[in-house]
Amino acid sequence: MARLDWIQKELKNLKEAGLYNNIRTLGSPQGAWLEVDGRKVLNFCSNNYLGLANDPRMVAAAQDALKRYGVGPGAVRSIAGTMDIHTELEKRVAAFKQAEAAITFQSGFCANLGTIQALVGKRDVIFSDELNHASIIDGCRLSGATIVRYEHCNPASLEQVIKENEGTYEKAMIITDGVFSMDGDIAPLDKLYEIAQAHDIILMVDDAHGEGVLGKSGRGIVDHFNLHGKVDIEIGTFSKAFGVVGGVVSGNAVIIEWLKQRGRPFLFSSAVTPPDVAACIAAIDILESSTELVDRLWENGRYFKAGLKDMGFDIGFSETPITPVMLGEAPLAQQFSRELFENGIFGTSIGYPTVPKGKARIRVMISAAHSRDDLDDGLDAFEKVGKKLGVI
Ligand code: PMP
């Protein structure tokens, strides 16, 4: 089929460049250990930061909701009505985050798309961190607003681009990731807030990787910087530390009300299922009841990062449990990943376009579910493979 030849060519190019995604098959629930392609291996890939994806309390909550509400929400909430459990989750998220209100979406990706598109358009401008997540980039593009990138985590650069664009737009937004997913560094949200205030610009933070990780009991980046009630929009996802699936926007009540009227994924796509919602509520219960899991996550992250650093690995500038092991070219990162797997470790390589060209890496995701023995096994494997491939 000649009309599809170009795809075959592109796929071949990806394979030759070491950029083809080889997706492994899991035969077990998410956890510190996994069955991958039929083999039991130690898991360093998932965003299941707190080990909640298979926590019995979460599973029990989902089962109860399944019995009470069934498997699906019926239709979009604005047409078929909303189940009380969705509204309850929104109230719980708002209270957890000390925000005025919250609205849930089907995913973090949808939350970003829907929010940005609802707030800015053709005559507006978005000031966006140059390393923002793909879902922010796509939301910005969909909105039709002018996109102005500022240097990564650099408030002076943000100030400069705002000045350069003065008088050229009607409305403006500043958008940043909270914790940058590939590097693990934290946006200077306090400084960005000051700039947003000074110029009366809407401030939005995507806290996908700060949720359940930063702040008291994992309340996220707004809590970490003590900016409750000040950041207009905080995007969250339930697919990472919460161990479930779904997205949420919390913040200013007027914005949340507007998203119920104009957030396209909210208006045109059905909500996540009742068992998902019940599991998310259970996750908030767990986080509110103890800081144990969050504390263990940080302890594990510190231990693993120190171990890799001592061996001489370049782990970038992560400030969180996300641990990038920088390898440079994509084929080397892919080979490293294959060798890790041979040594019983599941650590996927990440290359362009997820990270810039020449900055391929293994991104190690540490979890509270890892035991000290797991972490030591992981460090041993990294040392063995690192030496074999001449990385350390
Ligand atoms: N924002 C960021 C920063 C992310 O890392 C991700 C997930 N990779 C998302 C949004 C999307 O979240 P979800 O998986 O809930 O769609």
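Not measured: the values here are computed from a predicted model.

Caption draft 1: Inspection of the site of the ligand at higher detail. Neighbouring residues of the ligand: 14 residues in total, closest Ser107, Gly108, Phe109, Ala208 and Thr237. Sorting elements by how many residues they give to the shell around the ligand places helix 5 (residues 108-119) first, with three residues. When its residues are assigned to classes, the shell around the ligand shows two nonpolar, ten polar and two charged.

Caption draft 2: Summary view of the nonpolar core. Counting 116 residues, the largest nonpolar core has Met173, Ile174, Leu203, Val249, Cys280 and Ala283 as the members making the most contacts within it. Counting residues per element, this core draws most heavily on helix 12 (residues 274-289), at nine residues. Ignoring anything within four residues of it in the chain, the contact list for Ala283 reads Leu52, Met58, Phe242, Gly243 and Val244.

Caption draft 3: Geometry of the pairing of strand 7 (residues 202-206). Of all five residues in strand 7, five are buried, a share of seventy percent or more. Neither face of strand 7 is exposed, since Ile202, Met204 and Asp206 on one face and Leu203 and Val205 on the opposite face are all buried. Inspection of the sheet shows strand 6 (residues 172-177) paired to strand 7 by five bridges, in the parallel sense. Bridging across to strand 7, Thr176 finds its partner in Val205. Taking the sense of rotation as the criterion, the β-α-β connection linking strand 6, helix 8 (residues 189-199) and strand 7 turns out right-handed. As paired strands, strand 7 and strand 8 (residues 233-237) are joined by three bridges and run parallel to one another. When the sheet's bridge partners are listed, Met204 is paired in strand 8 with Ile233.

Caption draft 4: Region of interest: the sheet that holds strand 2 (residues 39-43). Pairing is mixed in the open sheet, where three strands are placed in the order 1-2-11. Each edge of the open sheet is held by one strand with a lone partner, namely strand 1 (33-36) and strand 11 (345-346).

Caption draft 5: Spatial organisation of the packing of helix 7 (residues 155-164) against helix 8. Interhelical geometry of helix 7 versus helix 8 gives an angle of 20° and a closest axis separation of 10 Å. Judged by the angle between their axes, helix 7 and helix 8 are roughly parallel. In this structure, the crossing between helix 7 and helix 8 has a hand that is right-handed. Facing Pro155, Leu158, Glu159 and Ile162 of helix 7, the residues of helix 8 in contact are Lys191, Leu192, Ile195 and His199. Residues of the contact of helix 7 with helix 8, tallied by class, amount to five nonpolar, one polar and two charged.

Caption draft 6: Examining the environment of Gly184 more closely. Among the secondary structure elements, Gly184 is positioned in the loop between strand 6 and helix 8. Gly184 sits in the buried class, given 25 other C-beta atoms within 10 Å. Separated by 179 residues in the primary sequence, Gly184 and Arg363 have C-alpha atoms spaced 9.6 Å apart. If we skip the residues at most four places from it in the chain, Gly184 touches Val179, Ser318, Glu319, Thr320, Ile322, Thr323 and Pro324.

Caption draft 7: The UniProt feature "modified residue: N6-(pyridoxal phosphate)lysine" (unreviewed entry) in the protein, seen in detail. Per the UniProt record, "modified residue: N6-(pyridoxal phosphate)lysine" (unreviewed entry) is annotated on Lys240. Here Lys240 lies in the loop between strand 8 and strand 9 (247-251). A count of 27 C-beta atoms within 10 Å places Lys240 in the buried class. Residues within four places of Lys240 in sequence aside, it is in contact with Asn47, Tyr49, Ala208, His209, Glu211 and Gly212.

Caption draft 8: Layout of the domain arrangement of the protein. Domain parsing of the protein yields domain 1 (18-49 + 291-388) and domain 2 (56-289). Centre-to-centre, using C-alpha coordinates, domain 1 lies 27 Å away from domain 2. Between domain 1 and domain 2, the residue contacts involve 19 residues of the former and 16 residues of the latter. Listing elements by their share of the side of domain 1 that touches domain 2, those giving two or more residues are helix 13 (292-311) and strand 10 (322-328). Per element, the largest residue contribution to the side of domain 1 that touches domain 2 is three residues, and it comes from strand 10. When grouped by side-chain class, the residues that make up the side of domain 1 that touches domain 2 number nine nonpolar, eight polar and two charged.

Calculation criteria
Residues numbered from 1 in each chain as written. Predicted model: local features only at pLDDT ≥ 70, side-chain atom pairs only at ≥ 80, totals over all residues. Near = placed C-beta within 6 Å. Helix = DSSP H or I, 4+ residues; strand = E, 2+ residues; numbered from the N terminus. Nonpolar A, V, L, I, M, F, W, Y, C, P; charged D, E, K, R; others polar. Core = buried A, V, L, I, M, F, W, Y, C linked by C-beta atoms within 7 Å. Buried ≥ 20, exposed ≤ 12 C-beta atoms within 10 Å, placed from the backbone. Contact = placed C-beta atoms within 7 Å. Pairing = 2+ DSSP bridges. Right-handed = clockwise from strand over helix to strand, strands pointing away. Axes fitted to C-alpha atoms, helices over the stretch in contact; angles between N-to-C directions. Parallel < 35°, antiparallel > 145°, perpendicular 65-115°, else oblique. Left-handed = near helix turned anticlockwise from the far one by under 90°. UniProt positions renumbered as here; feature names shortened; annotations may be inferred. Domains from an automatic or database assignment.

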